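# Coordinate inspection notes
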Amino acid sequence: MSHSIFRTLLQHELKSYYRQAAKCLTPLAFYLLVVCLFPFALNAEKTVLQTCAAGIVWIALLLSLLMSFPRLFADDHQEGSLTQYCLQDTMLMPYISAKMLAHAFMHILPCLLLTPILGLLLYLSVRDIEILWLTILLGSPILLLIGSLGAALTLRAGQGSALLALILFPLYIPVLILALNCVTLATAGRPIAGLLAWLCAYACLCIALIPFAIKAILKIGVQ
Amino acid sequence: MLSWSKHFLVPKYCYRLSEKLLPWLTFVWILSLSYGLIAGLWFAPADYQQGDGFRIIYVHVPAAIMAMAVYSLMAIAAVLSLVFRLKIAALVMSLSAPIGAAFTFLALVTGSLWGKPMWGTWWIWDARLTSVLILFFLYLAFMALRSALPEEKTRDQISAWLLIIGFINIPIIHYSVQWWNTLHQGASLKWDPSIAPSMLYPLLAMILAFALFYALILLQRLQTELLYRERKNPWVKEVIDELS
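Residues numbered from 1 in each chain as written. Chains lettered and ligands numbered in written order. Predicted model: local features only at pLDDT ≥ 70, side-chain atom pairs only at ≥ 80, totals over all residues. Heavy atoms only, no water.

Now for the domain arrangement of chain B. Residue and element names in this part refer to chain B. Taken domain by domain, chain B consists of domain 1 (14-45 + 196-244) and domain 2 (53-184). On a C-alpha basis, the centres of domain 1 and domain 2 stand 21 Å from each other. Roughly 2,100 Å² is buried in total at the junction of domain 1 and domain 2, and carbon and sulfur atoms are behind 77% of that figure. Counting the contacts that link domain 1 with domain 2 gives one salt bridge. We note a salt bridge from glutamate 152 to arginine 229, for which the minimum N-O separation is 3.7 Å. For the pair domain 1 and domain 2, the number of links is three residue pairs in polar contact (both at pLDDT 80 or more). Looking at the side of domain 1 that touches domain 2, the elements that each hand over two or more residues are helix 2 (11-43) and helix 7 (197-229). Examining the composition of the side of domain 1 that touches domain 2, we find that 16 residues originate from one element, helix 7, more than from any other. Split into classes, the residues belonging to the side of domain 1 that touches domain 2 amount to 18 nonpolar, one polar and three charged. (Domains from an automatic or database assignment. Buried area = accessible area lost by both parts, 1.4 Å probe. Salt bridge = Lys/Arg side-chain N within 4 Å of Asp/Glu carboxyl O. Polar contact = N/O pair within 3.5 Å; in protein donor to acceptor, adjacent residues only side chain to side chain. Helix = DSSP H or I, 4+ residues; strand = E, 2+ residues; numbered from the N terminus. Nonpolar A, V, L, I, M, F, W, Y, C, P; charged D, E, K, R; others polar.)

Below you can see the structure in the form of structure tokens.
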């Protein structure tokens, strides 16, 4: 039962993204643009960009995700469908999962596909790009879940990304540290399996706990 | 049970209890503050490495401890307000936030003032400094979210959730940052203190004084808020008559 609900909701979400292509293309362009600003701001020299590359890409990713989160639940709340989902307890969890999965498909996946190109723009070697790509792949579930949590918290606040940034970025710091240390260690030629395992563990913790928190917060929010 | 717990459940009794507590707390606060300041600033010997500069510890360490303690207390109050729907707990949670943020800010500023002569720099991206800074951002996020939420009822519940999430994240942030960079001297207080008794006792007195200061400010803010929220009830009129 809930399986088919989930499938329907997911199809609906993907369709709505498909019909509003700008919704997922704008954050992607933003991601590219932020990265392209850094060579102007820092220096276009190869060594400078190489040392900062992983950090730049991660910060750009955080910012572009931040752009997309305020509308995550707000649209459905405005048109009233979120209230309906909250009234039916069995609908809410499939709805949240579908929402986040669609977001992963339409925002994070394009960003992941773009990342190798950004790495090349910043003079990263292929091996470093691989590591960077892997850290983003493992870190993105955490970013997505914590971000959705922030979207649920600020649903009624209606202040857009500034408030959301204040809430989210302190919570993002551990992921940032883990991921960027992975890259640094890998560049220095040291093993990173342990760190990747930590990143996975953190992602699992988030996947296990955060959806329930989102559910509770949304229920309070639509009261 | 009810007669005991009513002080924490019913606004009227809560107000009366805090009225009774305030003079005693103020008395103990003045005692511990004057002992801590006089013994710490005059009688404690100068540090063999840091000279008289170490005396800022009597503000810095209590402020840092209170920064963390207030956040923990707010998280406990958040759980109580979510699970048992205690109005007083929600009030304690929301009224503590600016005080806790002020303590955090004080810890950052005094730490920076201490760091300049000892480490030669105002700021270092060291693990402890960074975690306190992040704690400050967590306080700011809590207050910003509260001011942005329009309705009182959802505001308390949603901000309580944010507090709990922040509280769960604190150890994760702490260990990840620690693992990232560490320069700070070790903790000043341990079960087997590495600090001389003549320096330790004033420090403990100052910590007590800071905790009592927090309690004093919190109780006074709580009284004001209770009077305002219950302004339509007859007991508030009684209180006002007594005061005037």
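Continuing now.
With that settled, the discussion passes to the interface of chain B and chain A. Size of an interface, as often reported, equals the accessible area lost when the parts are brought together. Listed per partner, the contact involves 26 residues of chain B and 24 residues of chain A. Both sides together, the interface formed by chain B and chain A hides about 2,300 Å², and carbon and sulfur atoms give 80% of it. The largest per-residue losses of area from chain B upon contact with chain A belong to Ile158, Trp161 and Trp179 of chain B, which jointly make up 22% of the total buried on that side. Linking chain B to chain A there are one salt bridge. Ionic pairing is found between arginine 156 of chain A and glutamate 151 of chain B, a salt bridge with its closest N-O pair at 2.7 Å. Summed over the shared surface of chain B and chain A, the result is two residue pairs in polar contact (both at pLDDT 80 or more). At the level of secondary structure, the elements contributing two or more residues to the side of chain B that touches chain A comprise helix 5 (127-148) and helix 6 (152-180) of chain B. The element best represented in the side of chain B that touches chain A is helix 6 of chain B, accounting for 15 residues. (Contact = heavy atoms within 4.5 Å.)

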